[in-house]
Amino acid sequence: MTNNGDTPVRVRFAPSPTGQLHLGGLRTALFDWLWARRTNGQFILRIEDTDRRRFDPESLESLTRGLKWLGLDWDEGPDIGGPFAPYVQSERQEIYREKALELIELGHAYRCFCTPEQLESMRNEQRRAGKPTGYDRRCRNLTDDEIKERLDKGLPYVIRFAVPLEGVTVFDDLLRGEIAVDNRDLRDEIILKADGMPTYHLAAMVDDHLMQITHVLRGEEWLSTAPIHKRIVDACGWDMPVLVHLPVILDPSGKGKMSKRKKQVAGKEFLALVHEFESAGYLPDAMFNFLTNVGWNYDPDQEVFSREEAIDKFQLNEINPSAAALPYEKLDWLNGLYIRSLTPAALKAALLPFLSRQLGLSFAELNAGGKLDILIPVIQERIKRLDEAASWLDWAFLDSNQICYDNPKLLIGRKLDAAKSAELLREGALLLGRVQPFSGDTIQEEFRAKAEEFGVKAGSFFGPIRGAISGKKVSPPLFESIEALGREEAVQRIERAASILEEQFAEVET
RNA sequence: GCCCCCAUCGUCUAGAGGACUAGGACUCAGGCCUUUCAAGCCUGCAACAGGGGUUCGAAUCCCCUUGGGGGUACCA
């Protein structure tokens, strides 16, 4: 218990393959992984697929992909095996069945022949009477003869765990301390279903024991069933692993557990699934950093840290037991920070798939002319997510006649009129046609000199040029943009813009 | 309804009886810088849910209230 990281632990992430991995699950896995790495222990992946109805074959891929994306590698698992294989519960069915039968022998469990319909009407009655719902244990005291009779008739049955009717059950939670629950509030939970599959209550306890798990990290939603788990483990004569119930992650609204379901909060859609964060262009390192600081705190005065630093400092018992909403704005800020820390080459590599997908261009097309090599370094400090790059760069991959100059404001400089702006555009085109060398620095020098010559502010001159080059009010820095475009294309765009502007004010004047 | 858990700025958090005029970060506001937008730097706004105790002393310990969350399935 008093493990500060000196004793190797065995922890497991045990998701059930019922859908896409979401951030809450990933965070649990992250803390598992952190603790395993911190203690030089093992991180185990176990698949809890005991619910055949909810099984989703695609979720397995989502699970492993999500873990790998964040950089969480496991030491034992379905794909790589290990000393306690198999790591898929549906392949361990016999083990649970035997244990359930054994518990019956020991008097800790019993067969229940109640049908789902019977149970449903029982619950309805309980609700109507304003009583707590829960199995009324009508099969708990069946005589041997009664049981035999039903068995002979081939009636389907489940196996329920028989909790003590009186007294209290006490267990420990690492973050909350000792928790005592009155046994009268406990239910005779099903441990083996009619289809022969175990429920979580049995399967997880059996596997945690067999796989020698030392610390169980799981969501807080399991806290209320922990007494049952304690009872089952006791009945089996085993030791309870250290229980660590992680606080749930709340909706951004702070109301309710974050779900996989898309919800709108304050009119904005927020991300919840791991693959959504990936395709929005959050960097794994940033996400790792971010997630580590929700529910745990690396250092009150240091927001940014590496994986190694986190491993070095991580302490299970420092986890904050209160539920938290994800600070999405902080994620954006952090991700921007990580993007800025990338080398241009690394950023380009990360960006290529996004640009390709969003702009509909091949890598080769994107690389042509070396535009990205000039432009990426200058948009680096302007994007917080990888998926924002496309709108910063799209203009550079358009033909000059595809640029839209419909908005006259785009081409008119601050405190200038249309005529003057058009004149400046012509001058700019002329200048670009002859400037040597054609580099951002020299272009800038010439343009500044020209602005002075005309007695206009640099910004007033650059505005129309920016509009002509990019078709946008807001664009990457002008002179790198011009350089990236190349002399011919740049001149063409400015001339076309000038013509359009001239037409427009000619119309107005006549 | 019943059971369990939780409670510091809007959000993520630091704080484990005196070092707290409650610290950091994000967001927001203002300023500087500036070719747009960013980035960067500086400044500012902003919290111990309420009430009782315990103590010389409480954000820190106890109780109650309130609020929030979780559970209440042949789901995990």
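Higher on the page you've got the structure.
So, here's what we can say about the structure. Here the residue numbering is sequential within each chain, running from 1 through the sequence in written order. Chains carry letters and ligands carry numbers; both start at the beginning, A for chains and 1 for ligands, and go up in the order they are written. Per-residue local features are limited, in this predicted model, to residues with pLDDT of at least 70; the limit for side-chain atom pairs, both in listing and counting, is 80 or more; totals at the level of whole chains, interfaces and linings are taken over all residues. Working from all heavy atoms in the structure, the side-chain values ignore hydrogens and water.

Here the focus is the overall build of chain A. In terms of helices and strands, chain A carries 20 helices and 13 strands. Each residue gets one of three labels from its accessible area relative to the maximum for its type: buried under 20%, exposed over 50%, partly exposed in between, using a 1.4 Å probe on protein chains only. A total of 510 residues make up chain A; the buried ones form 49% of that total. Residues are treated as being in contact if the distance between any of their heavy atoms lies within 4.5 Å. Taking the contacts inside chain A whose residues are at least 6 apart along the sequence as the reference set, 73% of them involve residues at least 24 apart. Computed by Shrake-Rupley with a 1.4 Å probe, the accessible areas treat only the displayed protein chains as cover when residues are assessed. A total of about 24200 Å² of accessible surface is found on chain A, and carbon and sulfur atoms cover 49% of it. A helix here means a DSSP run of H or I that spans at least four residues, while a strand means a run of E at least two residues long, and both kinds are numbered starting from the N terminus.

Interaxial distance between helix α14 (residues 371-379) and helix α19 (residues 478-485) falls to 8 Å at its minimum, and their mutual angle equals 165°. Considering their axes alone, α14 and α19 lie roughly antiparallel with respect to each other. Two packed elements cross with a definite hand, and for α14 against α19 that hand is left-handed. Between α14 and α19, the residues in contact are K371, I374, L375 and V378 and E480, S481, E483 and A484, respectively. Nonpolar residues are Ala, Val, Leu, Ile, Met, Phe, Trp, Tyr, Cys and Pro. Charged residues are Asp, Glu, Lys and Arg, and all others, Gly as well, are polar. Here the contact of α14 with α19 is composed, by residue class, of four nonpolar, one polar and three charged. Axes here refer to lines fitted to C-alpha atoms; in helices the fit is confined to the stretch in contact. Angles between the N-to-C directions go from 0 to 180 degrees. Any angle that falls under 35 degrees is termed roughly parallel, while one over 145 is termed roughly antiparallel, one within 65 to 115 roughly perpendicular, and all others oblique. Two helices crossing with the near one rotated counterclockwise from the far one by less than a right angle form a left-handed crossing, whereas a clockwise rotation gives a right-handed crossing.

What follows is about the pattern of salt bridges. Between Lys or Arg on one side and Asp or Glu on the other, a salt bridge is scored when a side-chain nitrogen of the former is within 4 Å of a carboxyl oxygen of the latter. With the rule as written, the count across this model stands at 34 salt bridges. Salt-bridge contacts for R92 lead to D207; the nearest nitrogen and oxygen are separated by 2.8 Å. Of this pair, R92 sits in the loop between α2 (57-70) and α3 (93-105) while D207 sits in helix α6 (residues 200-210), and the two are 115 residues apart along the sequence. Since its relative accessible area comes to 4%, R92 is described here as buried. The salt bridge involving K472 is made with D394; its shortest N-O contact spans 3.2 Å.

All right, on to the protein's contact with RNA strand B then. Nearness of a residue to a molecule or strand requires only that one of the residue's heavy atoms be within 4 Å of it. Inspection of the region around RNA strand B gives 64 residues, with R187, K193, E381, R382 and R466 positioned closest. Counting only the atoms of RNA strand B within 4 Å of the protein, the fraction contributed by sugar and phosphate is 71%. Side-chain atoms alone can form a polar contact between residues adjacent in sequence; in general such a contact is a pair of N or O atoms within 3.5 Å, and within protein one must be able to donate a hydrogen while the other accepts it. Y200 has a polar backbone atom sitting 3.4 Å from a phosphate oxygen of RNA strand B. Take E220: an N or O atom from its side chain is 3.3 Å from a sugar or linking oxygen of RNA strand B. Of all the elements, helix α11 (residues 328-341) adds the most residues to the surface near RNA strand B, at five residues.

What follows is about the packing of aromatic side chains. Only the six-membered ring of Trp is used, alongside the rings of Phe and Tyr, when aromatic pairs are assigned; centres must lie within 6.5 Å, and planes under 30 degrees apart are stacked while those over 60 apart are edge-to-face, with the rest tilted. Under the criterion given, the structure shown has 15 aromatic pairs. Taking the centre distance of 5.8 Å and the plane angle of 90° together, the rings of W33 and F288 count as edge-to-face. Of this pair, W33 sits in helix α1 (residues 23-38) while F288 sits in helix α9 (residues 284-292); the two residues are 255 residues apart in sequence, bridging distant segments of the chain. An angle of 15° between the planes, with centres 5.1 Å apart, marks the rings of F447 and F461 as stacked. Here F461 lies in helix α18 (residues 458-470) and F447 lies in helix α17 (residues 440-454), a separation of 14 residues in the sequence. On the accessibility criterion, F461 (0% relative accessible area) is buried. Through a chain of ring-to-ring contacts, three or more aromatic side chains come together here, namely F31, W35, W296, Y298, F305 and F314.

Put simply, the largest pocket is a space of about 1000 Å³. Within the residue set of the lining of the largest pocket, elements represented by two or more residues are β1 (10-13), α1, α6 and β8 (215-219). In terms of residue count, the dominant contributor to the lining of the largest pocket is α1 (four residues). The rule is simple: put a 1 Å grid over the protein atoms alone, call a set of points where a 1.4 Å probe fits but cannot get out a cavity, call an open set with protein on both sides within 12 Å along at least five of seven lines a pocket, and count a residue as lining if it has an atom within 4 Å of a point. Grid points are joined across faces, edges and corners, and a volume is the space filled by probe spheres set on the points. Here the second largest pocket is characterised by a volume of approximately 530 Å³.

With that out of the way, let us pick up α19. Burial runs high along α19: six of the eight residues are buried. L478, F479, S481, I482, A484 and L485 are the residues of α19 that are buried. Count one or two residues on from α19 and you reach G486, which has phi positive near 95°.

In this fold, T169 is placed in strand β5 (residues 168-173). If near-sequence neighbours (up to four positions away) are discounted, T169 is found in contact with I179, A180, V181, N183, L186, P227, K230 and R231. In this structure the side chain of T169 is engaged in a polar contact, spanning 2.8 Å, whose partner is the side chain of R231.

Here the focus is the environment of L359. Tracing the chain through its elements places L359 in helix α12 (residues 344-359). By relative accessible area, L359 is classed as partly exposed at 23%. On a C-alpha basis, the gap between L359 and D394 in space is 6.8 Å, while along the polypeptide they are 35 residues apart. For L359, the residues in contact, after removing those within four places along its chain, are L366, A390, D394 and F397.

On to α14, then. Within α14, burial applies to K371, L372, L375, I376, V378 and I379. Contacts from the buried residues of α14 go to α12, α13 (363-367), α15 (389-393) and α19.

As a further point, take the sheet that holds strand β7 (residues 190-192). By this definition, two strands are paired if DSSP reports at least two bridges between them. The sheet built from three strands is open, its strands ordered β3-β4-β7 with antiparallel pairing. The sheet is open, and its two borders are formed by β3 (109-112) and β7, each paired with just one other strand. On average, adjacent strands in this sheet sit at an angle of 45° to one another, irrespective of strand direction.

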